[in-house]
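Reading the structure
Letter by letter, the chains look like this.
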Amino acid sequence: MNFDLSSLNPQQLRAVVHRDGPLLLLAGAGSGKTRVVTHRIAHLIQHGTRPEGILAVTFTNKAATEMSERLHGLVGSDTAEKVMTSTFHKLGVLILKRDGRSVGVPEDFTIVDTDDQLTLIRDAMRQAEINTERYEPHWIQYRISAAKNAGMFADNLGARITDVIGQVISSVYRAYTDLLRRSNAVDFDDLLLLPLSILQTRPSALDYYRGRFLHILVDEFQDSNHVQLEIIRLLADKSRNVCVVGDDDQSIYGWRGALIRNILEFERYFPDATTITLTQNYRSTSVILTAANAVIQHNQSRRPKDLWTETISDDLIPVVQLRTPQDEARYVVEKIEEISRSEGRALDQFAILVRTNAQTKNFEEALRLSQTPYHLVGGLTFWDRAEIKDALALLRLLVNPNDEVALRRAVGVYGTAVGPATFRRLIDAAHVHRRTLLDMMENASGVSGIGGKAAQICEEFARHIKSHGLLLYPGGPVAAVVRRLIDSVKLNRLLITRAGDEEEGTKRYSNVKELVRSLEAYESRRGREASLGEFLRGLALDQTDSADQTDGKVTLMTLHSAKGLEFPVVFLCGLEERIVPHARVVDEDGDVDEERRLFYVGMTRARAKLILTWCQKRERFGETKRSIPSRFLDELPAHITCREDLGDLAEPEQSNLTSAREDAFRRLASLFGDV
DNA sequence: GGCATCGATGTTTTT
DNA sequence: CATCGATGCC
Ligand SMILES: Nc1ncnc2c1ncn2[C@@H]1O[C@H](COP(=O)(O)OP(=O)(O)OP(=O)(O)O)[C@@H](O)[C@H]1O
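Along each chain, the written sequence defines residue order, and numbers are assigned to residues from 1. Note on labels: chains are lettered from A, ligands numbered from 1, in written order. Local features in a predicted model are, by the rule used here, given only for residues with pLDDT of at least 70; side-chain atom pairs are given and counted only at 80 or more, and totals for whole chains, interfaces and linings are based on all residues. Water and hydrogen atoms play no part in the side-chain values, which are based on all heavy atoms of the structure.

**Some thoughts on the environment of Thr110**
- Take Thr110: it is sitting in strand β4 (residues 110–111).
- In sequence terms Thr110 and Leu199 are 89 residues apart; their C-alpha atoms lie 21 Å from each other.
- Two residues qualify as a contact provided that any one of their heavy atoms is within 4.5 Å of a heavy atom in the partner residue. With residues near it in sequence (within four places) discarded, Thr110 still touches Asn184, Ala185, Val186, Arg396, Asn400 and Asp403.
- A polar atom in the side chain of Thr110 sits 2.9 Å from the side chain of Asn400. Counting from the N terminus, the helices are DSSP H or I runs at least four residues long and the strands are E runs at least two residues long. Pairs of N or O atoms within 3.5 Å make up the polar contacts considered here, provided that, within protein, one atom can donate a hydrogen while the other can accept it, and that residues adjacent in sequence are counted only when both atoms are side-chain atoms.

Below, the structure is given as structure tokens:
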């Protein structure tokens, strides 16, 4: 073990060695919360706790990886590997795999993504006879998700909200759940809700997990929702060994059900909790911290904190005005080169943070053009390509022949002649005969209403899937079977036909081969433990390309993805009204304070240098519109910022102001008949 | 039942 | 502007 308690300040030390009962560490950005978590784990292990008995939960994969890496450095790889560092959703998969049968989920379940979810919601609306014109499927999807995050099943929701809208949502929710279960599938929210339900209703399961996880630690607890809190509550109820850390000022997931009160009122849920706060920031310079503190001060309800730092700096924070996002990207890339050269910083010390994934496009172009190595976090990935989803649909079917969404997609690729009507008949027949959809397809000619051509294609397709499905068995080869299936359906030709262009089709097929390579890599990693189902579930949960090295590369990502990370030099870009705060929040009377927290999170990622930029013009939905700087920029103390104007348009704020003033003047003048 | 064209809608943010 | 679903024609 390679860790040293003397590297902690007295408060941190107290938290690390705290023994009896629940512990809450509520502290500001960069005060060493995550460091406490990792050191606490190391300390527990050193004092005899089995590493397997420790569960460290985070909310994002990146945070889990980060935690795991820090742990490796502290206790060595062999030990670190045994500690269960996981996201809540991964933990949910673990519980569902072991105990899902009691809630109607088989071992080899499918996890549907948000696209599939929407497809299913549309189906469910049709089934529940809800007009898709009258109710926006997206909105229903959102409402169902919100209900799930609040711990409600369809019946709970229907009983609780008795007005028409509540009934509409709960009826779709019910039909949607039926569809999911019939497909042996769950959605992301189910990965939390169903495990909670298991823990609540199956005492033997609860006992098992309580015995397994003797110590629980949760990072970024301000982002927990109702269901997550309840899971922790149940798991820790007996041992009382729970340590949660977080910062109310960094709560940025309210839109997916996170409740700040989970952390602010922690003592209500764990009455015997000890609370420790940390006030020294070890990350940022005084200038950056002063700026961040000044901004977050504008939020109404928050726990006041007095964060301070010893790192004095007199570098002002540039607030740079650019003309267009293209200019902005070029400027940032040039600046990175310049700073990198003058200060001898490697490129992995730089991060470009933006509000939306769409904003990354211009930066990618500029980075590529200047041949600056970069790495993009999140956004649309390799796995979102149509041909990859097509191929994945085939794999999903191998594992789970009930996966309706996958079947529809896969058949569509395999051949024409099978459309919605055929599908409907198959589903109905499967229902009547209580067989899987794939079984019905195999005997499609026996289903009334399905004609020769369609039946033939169905049967052919079903035989491909079935015969290859038989080749999969526990401990057996995986990638080899998949390769065989892809050859036997002649995916290569199918993709070329579909693309209508040899070259394009071949390109798509090479992406599929890339997918197979990734499966091979997974298989050699897991050896005989490898299973296609696990590979697919892992992919649903985490689409990070593990081959994408971050060393020596600039990081480009959204503010949300940046939480918990730190970089010596941070660029916060696109700081305009309608971006930060986002238009949707402003227009729909949303939570502007959460947007401010997002800005705060961004600023506090920076260790040494923070550079803020905004553009005068920006394209939205094809048309270029004038932008004005984010209101949050006005909240920065003027004496620590330095405004730079690299735009070429007249100040829009001023011209607006002027014209408004002129307007008022004219109106006033007209009253006196003096125009 | 497939296929082309048209039009609405969307870019928050993640698992 | 680009995607995706709905509509209508073959
Ligand atoms: N006692 C300490 N002495 C020196 N450095 C420290 C100390 N505590 C924390 N740090 C350093 O400060 C930085 C921030 O720590 P950490 O990431 O744990 O903070 P955090 O509170 O989790 O931050 P955030 O909430 O903003 O994600 C890290 O680089 C960490 O190594």
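**Notes on the site of the ligand**
- Working definition: residue near molecule or strand if any one of its non-hydrogen atoms lies within 4 Å of it. Near the ligand you find 20 residues, and of these Lys33, Thr34, Arg283, Glu566 and Arg605 are the closest.
- Ser7 is positioned with one of its backbone polar atoms (N or O) 3.0 Å from a nitrogen atom of the ligand.
- Glu566 is positioned such that a nitrogen or oxygen atom in its side chain is 2.6 Å from an oxygen atom of the ligand.
- Accessibility throughout is a Shrake-Rupley quantity obtained with a 1.4 Å probe, and a residue counts as covered only by protein chains that appear here. Against a free-state accessible area of 640 Å², the protein chains account for coverage of 87% of the ligand.
- A per-element tally of the shell around the ligand places helix α2 (residues 33–46) first, with three residues.
- Taken together, the residues of the shell around the ligand sort by class into three nonpolar, 10 polar and seven charged.
- A domain split of the shell around the ligand shows at least three residues from each of domain 1 (10–96 + 198–280) and domain 3 (317–380 + 548–645). Amino acids are sorted into nonpolar (Ala, Val, Leu, Ile, Met, Phe, Trp, Tyr, Cys and Pro), charged (Asp, Glu, Lys and Arg) and polar (every other residue, Gly among them). Annotation comment: domain bounds sourced from an automatic or database domain assignment.

**Side note on the sheet that holds strand β17 (residues 641–645)**
- Strand order in the open sheet made by the seven strands is β11-β12-β10-β13-β14-β9-β17, with parallel pairing throughout. Of all the strands in the sheet, just β11 (374–376) and β17 have a single pairing partner and so form its edges. Taking each pair of neighbouring strands and ignoring which way they run, the sheet shows an average axis angle of 20 degrees.
- Whether two strands pair depends on DSSP finding at least two bridges between them. Bridge analysis of strand β9 (residues 317–322) against β17 gives five bridges, and the strand direction is parallel. In the sheet register, Gln321 faces β17, and the bridge partner there is Asp645. Angles run from 0 to 180 degrees between N-to-C directions of axes, and those axes are lines fitted to C-alpha atoms, restricted for helices to the stretch in contact.

**Focus: empty space enclosed by the protein**
- Lining residues are those with an atom within 4 Å of a point, where the points come from a 1 Å grid over the protein atoms alone and group into cavities, where a 1.4 Å probe fits but cannot get out, or pockets, open sets with protein on both sides within 12 Å along at least five of seven lines. Grid points are joined across faces, edges and corners, and a volume is the space filled by probe spheres set on the points. Under the criterion given, the structure shown has four cavities of 30 Å³ or more.
- Estimates place the volume of the largest cavity at around 70 Å³.
- Every residue lining the largest cavity is listed: Thr34, Ala63, Glu66, Met67, Arg70, Asp219, Glu220, Lys563, Gly564 and Leu565.
- Sort the elements by how many residues they give to the lining of the largest cavity and helix α3 (residues 61–75) lands first, with four residues.
- Two domains share the lining of the largest cavity, each providing at least three of its residues, namely domain 1 (10–96 + 198–280) and domain 3 (317–380 + 548–645).
- Counted as a void, the second largest cavity has a volume near 50 Å³.
- Surrounding the second largest cavity, Phe59, Thr60, Lys62, Ala63, Glu220, Tyr253, His560, Ser561 and Lys563 form its lining.

**Topic: the protein's contact with DNA strand B**
- In the vicinity of DNA strand B lie 27 residues, with Arg355, Asn357, Gly419, Ala421 and Arg584 positioned nearest.
- Each atom of DNA strand B within 4 Å of the protein was classed as base or backbone; sugar and phosphate made up 56%.
- Here Arg256 contributes a side-chain N or O atom positioned 2.8 Å from a base oxygen of DNA strand B.
- For the surface near DNA strand B, the leading source of residues is helix α20 (residues 420–433), giving three residues.
- When the residues that make up the surface near DNA strand B are grouped by side-chain class, the tally is 10 nonpolar, 13 polar and four charged.

**Thoughts on the pattern of salt bridges**
- A side-chain nitrogen of Lys or Arg and a carboxyl oxygen of Asp or Glu constitute a salt bridge if their distance falls within 4 Å. One pass over the full model with this rule turns up 50 salt bridges.
- In this structure, Arg596 engages Glu635 in a salt bridge whose closest nitrogen and oxygen atoms are separated by 2.8 Å. Placement of Arg596 in helix α29 (residues 592–603) and of Glu635 in the loop between β16 (623–626) and β17 is noted, with a sequence separation of 39 residues between them.
- Residue classification places Glu635 among the buried residues on the basis of a relative accessible area of 12%.
- Each of Asp247, Asp248, Asp249, Arg302 and Lys305 takes part in salt bridges that share partners, so that together they form one network. With a 1.4 Å probe rolled over the protein chains alone, any residue whose accessible area is under 20% of its type maximum counts as buried; one over 50% counts as exposed, and the rest are partly exposed.

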